[in-house]
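Structural overview for review
Now for the letters of each chain:
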Amino acid sequence: MTDLPADPDLARDVDACCRLHGRFTLRSGQVASEYFDKYLFESDPALLARVAAQMEGLVPAGTDLLGGLELGGVPIATMVSARTGLPALFVRKKAKEYGTCKLAEGPEVAGRRVTIVEDVITTGGAVRDATLALREAGAVVEVVVCAIDRSPVGESPLADVGLEVRPVLTRAELDAARG
């Protein structure tokens, strides 16, 4: 894929768009005064295009399919697919129970190298589940590219499944962008 020059203002602009202040109940049940709403950058066409442009350079050579994870990875995978010409695959959280009963919508995955596309990784649970399911279907999955890696510095939340994480932005870069 192409190597584009870094977008020095991307972290600042994503952070300014997505970091909300107030009172928020998190999935864990904890209450926080700050919340990062990733869908705000994904629904902004100009900002999404900038993230996809930077992500394009992270896609490994030899990728056959871009596997966008439901829900947040789908718009990013679509944008990166349009930029690279690589086919997109849309990966559900679980196989649908009607029609084709597929976990992954799009081209066949067996024997193909799939690069997973995700919006935000913190613990990597959804990526881990998708990786295992795609591998079970015969795909080769070794890399996930994500818009934002919010996992703790120095930790690789997906090392247990042998997955390399390639982020556009990290939590540290977003925090530094706040100035």
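Before going into details, it helps to say that this report is about the structure given with it. (Residues numbered from 1 in each chain as written. Predicted model: local features only at pLDDT ≥ 70, side-chain atom pairs only at ≥ 80, totals over all residues. Heavy atoms only, no water.)

1. So, the overall build of the chain
In terms of regular secondary structure, the chain is built from six helices and eight strands. For the chain, the sequential pattern of α-helices and β-strands runs α-β-β-α-α-β-α-β-β-β-α-β-β-α. Rg of the C-alpha trace for the chain: 16 Å, near the compact-globule value of 16 Å for 179 residues, within the 12% margin. With the principal axes as the frame, the chain shows a C-alpha extent of 45 × 40 × 30 Å. Here the chain, with 179 residues, has 42% of them falling under the buried criterion. The contacts in the chain between residues at least 6 apart in sequence include a share of 60% that link residues at least 24 apart. For the chain, the accessible area works out to roughly 9100 Å², and carbon and sulfur atoms hold 53% of it. The chain carries 20 positive and 26 negative side-chain charges, and their two centres are separated by 4 Å. (Helix = DSSP H or I, 4+ residues; strand = E, 2+ residues; numbered from the N terminus. Rg over C-alpha atoms; globule rule 2.2 N^0.38 Å. Buried < 20%, exposed > 50% of the residue type's maximum accessible area, 1.4 Å probe, protein only. Contact = heavy atoms within 4.5 Å. Areas by Shrake-Rupley, 256 points an atom, 1.4 Å probe, with all protein chains shown as cover. Lys, Arg positive; Asp, Glu negative; His and termini not counted. Charge placed at Lys NZ, Arg CZ, Asp CG, Glu CD.)

2. Remarks on the nonpolar core
In this structure, V14, F41, M55, I76, I148 and L169 are the most contacted members of the largest nonpolar core, which totals 26 residues. Where this core is concerned, the elements lending two or more residues are α1 (10-18), α3 (45-56), α4 (73-84), β6 (113-121), β7 (140-149) and β8 (164-170). The greatest single-element share of this core, amounting to five residues, is contributed by α3. Those residues within four positions of F41 in sequence are excluded, and the remaining contacts are V14, C17, C18, L47, L48, V51, I76, A147 and I148. (Core = buried A, V, L, I, M, F, W, Y, C linked by side-chain atoms within 4.5 Å.)

3. Topic: the packing of α1 against α3
One can describe the packing of α1 onto α3 by two numbers: an axis separation of 11 Å at closest approach and a directional angle of 140°. Taken together, the axes of α1 and α3 lie oblique to each other. In this structure, α1 meets α3 at a crossing whose hand is left-handed. In this structure, α1 contributes L10, D13, V14 and C17 to the contact, and α3 contributes L47, R50, V51 and Q54. Partitioning the contact of α1 with α3 into residue classes produces five nonpolar, one polar and two charged. (Axes fitted to C-alpha atoms, helices over the stretch in contact; angles between N-to-C directions. Parallel < 35°, antiparallel > 145°, perpendicular 65-115°, else oblique. Left-handed = near helix turned anticlockwise from the far one by under 90°. Nonpolar A, V, L, I, M, F, W, Y, C, P; charged D, E, K, R; others polar.)

4. What to know about the pattern of salt bridges
Throughout the structure, instances matching the rule amount to 17 salt bridges. For D119, the salt bridge identified is with K38, shortest N-O distance 3.5 Å. Of this pair, D119 sits in strand β6 while K38 sits in the loop between β2 (31-36) and α2 (39-42), placing them 81 residues apart in sequence. Across the salt bridge formed by D175 and R178, the nearest N and O atoms sit 3.9 Å from each other. The network of salt bridges with common partners includes D7, D9, R12, D13 and R50. (Salt bridge = Lys/Arg side-chain N within 4 Å of Asp/Glu carboxyl O.)

5. So, α1
Of all the residues in α1, the buried ones are L10, A11, V14, D15 and C18. What you see down the axis of α1 is that its buried residues fit within an arc of 125°, all on one side. (Arc of directions from axis to C-beta.)

6. Brief notes about the side chain of E105
By the secondary structure assignment, E105 is in strand β5 (residues 104-105). For E105, the side chain forms a polar contact with the side chain of R92, separated by 3.2 Å. When sequence neighbours within four positions are dropped, the list of residues in contact with E105 reads L89, F90, R92, K96 and T100. (Polar contact = N/O pair within 3.5 Å; in protein donor to acceptor, adjacent residues only side chain to side chain.)

7. Description of the sheet that holds β6
With mixed pairing, six strands are arranged side by side in an open sheet as β5-β4-β3-β6-β7-β8. Where the open sheet ends on each side, the last strands, each with one partner, are β5 and β8. Across six bridges, the pairing between β7 and β8 is parallel. The residue of β8 that forms the bridge with D149 is T170. Docked against the sheet, α3 engages β6, β7 and β8, running at close to 140° with respect to β7. (Pairing = 2+ DSSP bridges.)

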